[in-house]
Amino acid sequence: MNLRKSANTRWFAWLLALALATSMFASGASAQTDEPLQEEPERAALVEVHVADRTELDRLVATGADLISAVEETSDGYTLSAVLTPSQEAELRSQGFSVGDTVQTQEDVDALRAERSQALQSKSGLSFQTLAESETGALKVLRADYFDGSDGEFLSVEAKSEAGDDDTITVSWDSGADTEIGDGGTIELFDFVDAGVYLYHRRQFSVDTRPELIEVTSGDTGESVTLSVVEWLPLDESGNQGGNSPYLTDFVDHYMDPTEVTERIEQLAAEFPDLAEIVELPYQTNGYRRHAQALLGTLTTNAVVVNSVAWGHEGGNDLTVEFVDPALADSPLSVSVTGNDVVLSGATNASGALVTTAAEAVAALNAAVGDLIYAHTYRGNAGSGVIVAEFEELTDNLSAPEHISRDPWTVKALRIGAHRDGSRLGVLAYAQEHAREWVTPLVMVETAERLLRNYAHDGETRQLVNNLDIFIVPTVNPDGGHYSFYDFNFQRKTMLNHCDDNLSDPALRDNWGVDTNRNYAVGSLFDGYDGASTFCLSAVFSGPSELSEPESRNIAWLPDTFSNIEFAMNTHSFGNYFMWSPGAYSVPGRVTLPRPDFGDEAFFWAASQQILTAIKEHRDTVVTPARTGPIADVLYSAAGNSGDHLWYDDGIFAWNFEVGDAGFQPTFDDEGHDQALEFSNGLIELFRVAYQYDNDNQRPTSSLVPGQGRYDGPVEMVFEASEPVTIFYTLDGSAPTSSSPTIQSAGVREGAESITILETTTVNWFAVDAAGNIERNYNPDGNANNYNKARVTISG
Ligand SMILES: [Zn+2]
C-alpha cells in the first residue's frame, strides 16, 4: 500500500485544528485575525478507518494522515489503522471517511503503565517461483499457499494478468481429496495497484479444510489454470528450536523503558564477561531534555511564546514570567528580574489602558533578559494584539521520573560471541528506531538472554555463540523511547525539534523530531525517493539531511567499523510483516531501487521460510505470504530507511520485522509478552541462517532445461539449480565472467526469467550461491574453461 506519501500539509491543518490555509505557513505568514490559541497538544488515539475502494484509499493516503502499515483487505474495501487526534478524526469524518473502532486510547496506555509498574532447518528448495501459467502465458499464478494458524485456516493466492488491474481473476477450490473444484468455494482476487502501477492480484481468505486443487481463471481471456496448493510454514513435529536439551526462554516480564533495557544489557555483559561486552556507539543523542516553555496570551494576535535558554532540568523549569498591568496612566514598558522571576510591566496610555503589543513585549524581553529566555510571537503572527496580564511558570513538560537521565545519551550495543575479534561472521539486530514500538526492545533482550543463559548446556546455542559475532542494539532511539513511555505514547520520531519558531510552541511538542528510519543515506528523500517528508511536524520527517541524526549515524557506523557484519534485522511493529530490499521507489513510474540479483532474492525467500517457521512454532502466528517480500512489493515506499542503507551501501543481507498485529503497545500479559517470545524465535533462527551461510561450502550445480540438442524452431530455456543461485551467462560463445549478464526475476514476485533461443547458439554459464560459492570452482576472471556449455542447434 502506498501510505504516508505526500508532504503533510493537509494533516498539519488538522493538527492545528484551525481553518488556516497551509500555504500561509509555507510563506511564513499566518492569519492576522484573532483566533483562539492551542495551548496543549491534542492527544491521539489509534483508530480504525474503513475505505470502500482503492480510490478512497488513495484519497486517504493523500491526506497525509499517520497511517499504520497493516492494511486489511476486506470484501467491501480496506480497513487500516491510523494515529489520529479527535480533530483529525472529525476532519476525516467530514470528508466522508468511515472511522470505526478505537483500537487504543490514552486511557488504555495509562492502564498499561499501571500494569508495567506492578511488574517492574533448513527447508529445501524455493517457495519462490511462478507456480503455473495459462497456455498463452497471459495469466500467471505466483503463489497459492495454504496455512493453518492461530486465527484459522487460510488460502493466500497471488496471480498476475497481462490485462493488468482491468482483469477480474477468480479462484475456485475443492474441499479436500476426491471433491470437485468449486466445492470449497469461489472468490475474486483483489488487484494490487500502487503509485498508479499494477503489480499483481492477490487475496487471503479463510477455508474450511485444506484444499488439494484450485482453479484460477482470468475473466479477460477466460483461460484457467489448475494447480495444487502448497503449505506455507509447515511445522515438523519436533520443532526447530530447543528440541533436545532444556532450552531456557521467557526472560521478559514487563515493558522496559530505554533506561531499563540498557541496564539489562550492561548486567548481562557483566555477568558473562567471556561471552559478551558493551560497545558504546559514538554519536550521543540529544538526550531526554527540552527547554522550558510558556505560552502567554489569549489569542493568536496577542500571544507570546517564552522559551528558557537553559534546559528545563538545568534551571529552565524554575523560571516564571509575568505580564503586569500597572493600572497607572502613561506608564512606560519595563522588564525586571528577581531571581528566577521575570516581570514585564506593560506600557499604558493617558487613560491607564495597556497598549503594549505582543511584538513589543517580545522585543523588550529579548533585549532585557535574553540571557535567561527567548521570546517569539505565536506561529509567525505579527503580534499586533495588546498583551493581557498573566503569570506563567515555564516547564519542559517532561514527566519521566527523576532517575531517567536528562543528559545526552550513549546508545549501547551488546556484543555477544566467544570470539569478538572480527574473525567471525557478524550479525546486527536493532530495535526501537520508532519510539512507540514497545515490544521491539524486548525481542532484543529476550534473544540476548537466550544466547547467554543457554550457552553452557545447549549445543546449538554454543554453536551460534562460538561462531558468530552478534551485535544487539535494543533501543536506537532512547530519547523518543523515554518520551513514549512517560509523555506521549504514540511518539514515533526522535525528540529533537528541528522546526523554526513558527512551529515551536508547546502545543506542537508531540510532533517534533526526525523519523530515524527515513534519515539514512540510500534511496532517500534527498535522492528523490518517495515516502518521507520535508515537513518538520510530519510523522515521516526525514530530517534536514541524510544521516543528520546521531540515532541513524550510530547504526550506519556499526558495519563501517565492524566489516564482518553480513546479516541484519531491523525490528519494528506492527503488522506481522517480514521484508527486505528494495524498500523505496520514486514516482512517477514507481521506479524501485535496484532489485537484488535473482540468487540473492531467492536466498532472502528461502531464509525467510526458515525464520517464519520458527516464529510460528511459538503459538501458530503466521506471517502471511502477502506480508513477506521486498518492502516496496508488499507495503509502500519508505525513502531513506536503514534496511536499504545496510543492503545497498554495506552489502548486508538486511531484513525487517514488523512484529505483532495488535497495536504499538498491546497489553503485556495477553499479547506483548508472546510477541517478544515468538519474534525472538525468529531472530535466533536468523542467527542459524547466518551460521549455515557461513558454513556453506557446498558448490551449487545448475543445468539448462531443456538444454543442449537440436530443435525445429525457437526454444525457451530456463536454468535449474541445486539451491538459490545467480546465473552469469553468455550467448556469443565467449567465456562467462563476473560482468556477464545475469538471470533476473521475470517480474515482481515471479520466478527466474527464461531465455529464448532463436538461432543456433552456444550458451556458456556458471552459477554462484548467496554465500559466494561458484559452481565447479570456476574462476570467472581467469582463463579457465570449466564453466557450463550447451550447444543449442536450431534447424529450419
Ligand atoms: Zn517502526
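Residues numbered from 1 in each chain as written. Predicted model: local features only at pLDDT ≥ 70, side-chain atom pairs only at ≥ 80, totals over all residues. Heavy atoms only, no water.

Trainee: With reference to specific residues and values, describe the state of the cysteines.
Mentor: In this structure the tally under the stated criterion is one disulfide. One disulfide in the model links C499 with C536; its S-S distance is 2.1 Å. Sign of the S-S torsion, about 110 degrees for the bond between C499 and C536, identifies this disulfide as right-handed. With C499 in the loop between α10 (478-486) and α11 (550-561) and C536 in the loop between α10 and α11, this pair connects stretches of sequence that are 37 residues apart. Taking the relative accessible area as the measure of exposure, C536 reaches 10% and is therefore buried. (Disulfide = S-S within 2.5 Å. Helix = DSSP H or I, 4+ residues; strand = E, 2+ residues; numbered from the N terminus. Buried < 20%, exposed > 50% of the residue type's maximum accessible area, 1.4 Å probe, protein only.)

Trainee: Give me the side chain of S740: which residues, what numbers.
Mentor: Note on placement: S740 falls in the loop between β35 (725-730) and β36 (755-757). Reaching out from S740, the side chain makes a polar contact with the backbone nitrogen of T737 at a distance of 2.8 Å. If we ignore the near neighbours within four places in the chain, the residues touching S740 are F728, Y729, T730 and A735. (Polar contact = N/O pair within 3.5 Å; in protein donor to acceptor, adjacent residues only side chain to side chain. Contact = heavy atoms within 4.5 Å.)

Trainee: Any details on the coordination of the zinc ion? Residues and values, ideally.
Mentor: Of the protein atoms, only H434 (ND1), E437 (OE), E437 (OE) and H572 (ND1) coordinate the zinc ion, at distances of 2.0 to 2.6 Å. Relative to the metal, the four donor atoms surrounding the zinc ion lie at angles of 54 to 138 degrees, and the coordination shape comes out irregular. Mapped onto the polypeptide sequence, the residues donating to the zinc ion form the spacing pattern H-x2-E-x134-H. Residue E437 is located in the loop between β24 (425-431) and α8 (439-453), and its partner H572 is located in strand β26 (residues 565-573); the two are separated by 135 residues in the primary sequence. On the basis of relative accessible area, E437 is assigned to the buried category, the value being 2%. (Donors = N, O, S within 2.8 Å, 3.2 Å for Na, K, Ca; no water. Tetrahedral: all angles 85-135°; square planar, octahedral: opposite > 155°, others 65-115°.)

Trainee: Now, about the pattern of salt bridges: what can you tell me, with residues and values included?
Mentor: Side-chain pairs of opposite charge can arise where the charged atoms are in close proximity. For the structure shown, the criterion picks out 25 salt bridges. Here K160 makes a salt bridge to E750, at a shortest N to O gap of 2.7 Å. Note that K160 is positioned in strand β7 (residues 152-161) and E750 in the loop between β35 and β36, a separation of 590 residues in sequence. You'll find K160 and E750 in the same group, each marked buried. For the salt bridge of E460 with R688, the shortest nitrogen-to-oxygen distance reads 2.9 Å. Separated by 228 residues along the polypeptide, E460 in helix α9 (residues 459-467) and R688 in helix α15 (residues 668-694) bring together distant segments of the chain. Taking the relative accessible area as the measure of exposure, R688 reaches 11% and is therefore buried. Several salt bridges converge on common partners, so that one network encompasses R264, E271, E449 and R453. (Salt bridge = Lys/Arg side-chain N within 4 Å of Asp/Glu carboxyl O.)

Trainee: Can you lay out unusual backbone geometry for me, pointing to particular residues and giving the numbers?
Mentor: Across residues other than glycine, the phi torsion is negative in most instances, and most of the peptide bonds are trans. Here the residue pair S581 and P582 is connected by a cis peptide bond, since its omega of 5 degrees sits within 30 degrees of zero. Even without being glycine, A195 reaches a positive phi, approximately 50 degrees. Looking at the element boundaries, A195 is found in the loop between β10 (190-194) and β11 (197-206). Using a relative accessible area of 22% as the deciding quantity, one classes A195 as partly exposed.

Trainee: Tell me about the nonpolar core, residues and numbers included.
Mentor: I416, F567 and W655 are the most contacted members of the largest nonpolar core, which totals 84 residues. It is α15 that contributes the most residues to this core, 11 residues altogether. Residue contacts for I416: discarding those within four places in its chain leaves L275, A276, A448, L451, L452, V465, L468, D469, I470 and I472. (Core = buried A, V, L, I, M, F, W, Y, C linked by side-chain atoms within 4.5 Å.)

Trainee: An account of the confidence of the model for the protein is requested, with residue identities and associated values reported.
Mentor: Overall, the predicted model of the protein reaches an average pLDDT of 89, with 91% of residues at or above 70. Within the model, the stretch residues 1-31 combines pLDDT values under 50 with 104 contacts to residues more than four positions away or in other chains. Within the model, the stretch residues 121-128 combines pLDDT values under 50 with 24 contacts to residues more than four positions away or in other chains. (pLDDT = per-residue confidence, 0-100.)

Trainee: I'd like a description of the packing of aromatic side chains, backed by residues and values.
Mentor: What the rule picks out here adds up to 36 aromatic pairs. Ring centres of F147 and F154 lie 5.5 Å apart, and the angle between their planes is 25 degrees; this geometry places the pair in the stacked category. Under the relative-accessibility criterion, F154 is labelled buried at 17%. Relative to W605, the ring of W580 has its centre 5.3 Å away and its plane inclined at 85 degrees; by these criteria the two rings are edge-to-face. Taken together, the residues W580 in strand β27 (residues 577-580) and W605 in helix α12 (residues 598-619) connect sequence positions 25 residues apart. (Phe/Tyr/Trp six-rings, centres within 6.5 Å; stacked < 30°, edge-to-face > 60°.)

Trainee: Lay out the sheet that holds strand β12 (residues 213-218) in plain terms, naming residues and giving numbers.
Mentor: Whenever strands of a sheet pair, they do so through backbone hydrogen bonds, lying parallel or antiparallel. Read across the open sheet, the four strands follow the order β9-β8-β12-β13; overall the sheet is antiparallel. Because the sheet does not close on itself, it has two edges, and the strands there are β9 (185-188) and β13 (224-228). In this sheet, neighbouring strand axes are inclined to one another by 20 degrees on average, regardless of whether the strands run parallel or antiparallel. Summarising the sheet, β12 and β13 pair through five bridges and their orientation is antiparallel. If you follow E215 over to β13, its bridge partner there is T226. (Pairing = 2+ DSSP bridges. Axes fitted to C-alpha atoms, helices over the stretch in contact; angles between N-to-C directions.)

Trainee: Which residues make up the environment of E720, and what values do they have?
Mentor: Its location among the elements puts E720 in strand β34 (residues 715-721). When its relative accessible area of 44% is taken as the criterion, E720 is described as partly exposed. Separated by 461 residues in sequence, E720 and T259 place their C-alpha atoms 52 Å apart. Discounting residues that sit within four places of it in the chain, E720 has contacts with T701, S702, S703 and V705.

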